[in-house]
Amino acid sequence: MTALKSAALQTTTVALASDAVPFAIRAERASDVAARETLLDACFGEDRHTRTCQRLRDGRAPAEGLAFSAVHDGRLLGTVRLWHVSAGGVPALVLGPLAVDASARSLGVGAALMKHALAAAKAHGHQAVILRGDPAYYERFGFSAGKTGQLALPGPFERERLLAVELCEGALDEAWGMIVATGSKARRQSRARLAARSRKAVALAA
Ligand SMILES: CC(C)(COP(=O)(O)OP(=O)(O)OC[C@H]1O[C@@H](n2cnc3c(N)ncnc32)[C@H](O)[C@@H]1OP(=O)(O)O)[C@@H](O)C(=O)NCCC(=O)NCCS
């Protein structure tokens, strides 16, 4: 493993969002999953599984080492994951969902998660990251629709919200066609099991 790679894959990066709220970005843990589901329900609604990008995640595991949590005092503040896809034949990652708890917004948690995720993706040797989201937020991290004009998602999407950043210049030059999931299959977890894990985490924290 190169020095760059080992540095970027440190499990914990402490970022100071403000003088009052230090938080850490670290690899997602199994014990985060229930709180993460609750956070995603709050941010995107319980019908979030019908969203187009979910078709790229159904039944798949996130890319190895590329799921991160922002935590403060043992509480999950934010989450981001990256997923293997083929972007019209070009290997790439899709990022999402990115979510930050409403009580912790505008403190830099989202930016810290994005920067950590992109640095880790680069350190793992990935060449491009794609997402569906607001250009006004994601362009600060280098995303644009400049290289996605020939790509499509497996469902409805707004062309101007399909964004990408190349981690290696020219990586998406030949990307043309449908974006499809290529990640390994996920182990199934029922919501009942997630709820039980959540109750256990709450009990341990109390
Ligand atoms: C988008 C989100 C992850 C940002 O998290 P965050 O921790 O508040 O982000 P940061 O602190 O790094 O940045 C906050 C800044 O981004 C701006 N911002 C947030 N969402 C934005 C959006 N959709 N478009 C443009 N700007 C946005 C905020 O107004 C804020 O601006 P300011 O610094 O001038 O006050 C968070 O608002 C969230 O979870 N939203 C609900 C889920 C969601 O929409 N996820 C993204 C899917 S596209």
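Anyway, here's the lowdown on the structure attached to this text. Just so we're clear, the structure is a prediction, and the values are computed from it rather than from any experiment. (Residues numbered from 1 in each chain as written. Predicted model: local features only at pLDDT ≥ 70, side-chain atom pairs only at ≥ 80, totals over all residues. Heavy atoms only, no water.)

### As for the pairing of strand β10 (residues 177-181)
Okay, step 1: Alignment of strand β4 (residues 75-87) against β10, held across three bridges, turns out to be antiparallel. Bridging from a neighbouring strand, Ser86 pairs with Val180 of β10.
Okay, step 2: Alignment of strand β8 (residues 151-152) against β10, held across two bridges, turns out to be parallel. Looking across to β10, one finds that Leu151 is bridged to Gly177. (Pairing = 2+ DSSP bridges. Helix = DSSP H or I, 4+ residues; strand = E, 2+ residues; numbered from the N terminus.)

### Points about the site of the ligand
Okay, step 1: Within the structure, the ligand sits among 18 residues, and Val100, Ser106, Gly108, Gly110 and Asp134 are positioned closest to it.
Okay, step 2: Here an oxygen atom of the ligand and a backbone polar atom of Ser106 are 2.7 Å apart.
Okay, step 3: At 3.1 Å, a side-chain N or O of Tyr137 approaches an oxygen atom of the ligand.
Okay, step 4: Burial of the ligand by the protein amounts to 65% of the accessible area it has alone, namely 890 Å². (Near = heavy atom within 4 Å. Polar contact = N/O pair within 3.5 Å; in protein donor to acceptor, adjacent residues only side chain to side chain. Areas by Shrake-Rupley, 256 points an atom, 1.4 Å probe, with all protein chains shown as cover.)

### Re the pattern of salt bridges
Okay, step 1: Following the criterion strictly, the structure yields 13 salt bridges and no others.
Okay, step 2: Across the pair Arg26 and Asp32 runs a salt bridge, and its minimum N-O distance is 2.7 Å.
Okay, step 3: Owing to a relative accessible area of 8%, Arg26 belongs among the buried residues under this scheme.
Okay, step 4: In this structure, Arg48 engages Asp41 in a salt bridge whose closest nitrogen and oxygen atoms are separated by 2.8 Å. This pair shows no difference in class: Arg48 is buried, exactly as Asp41 is.
Okay, step 5: Several salt bridges share partner residues, and in doing so they unite Glu28, Arg36, Glu37, Asp41, Arg48 and Arg81 into one network. (Salt bridge = Lys/Arg side-chain N within 4 Å of Asp/Glu carboxyl O. Buried < 20%, exposed > 50% of the residue type's maximum accessible area, 1.4 Å probe, protein only.)

What is shown is where atoms sit, not what they do.
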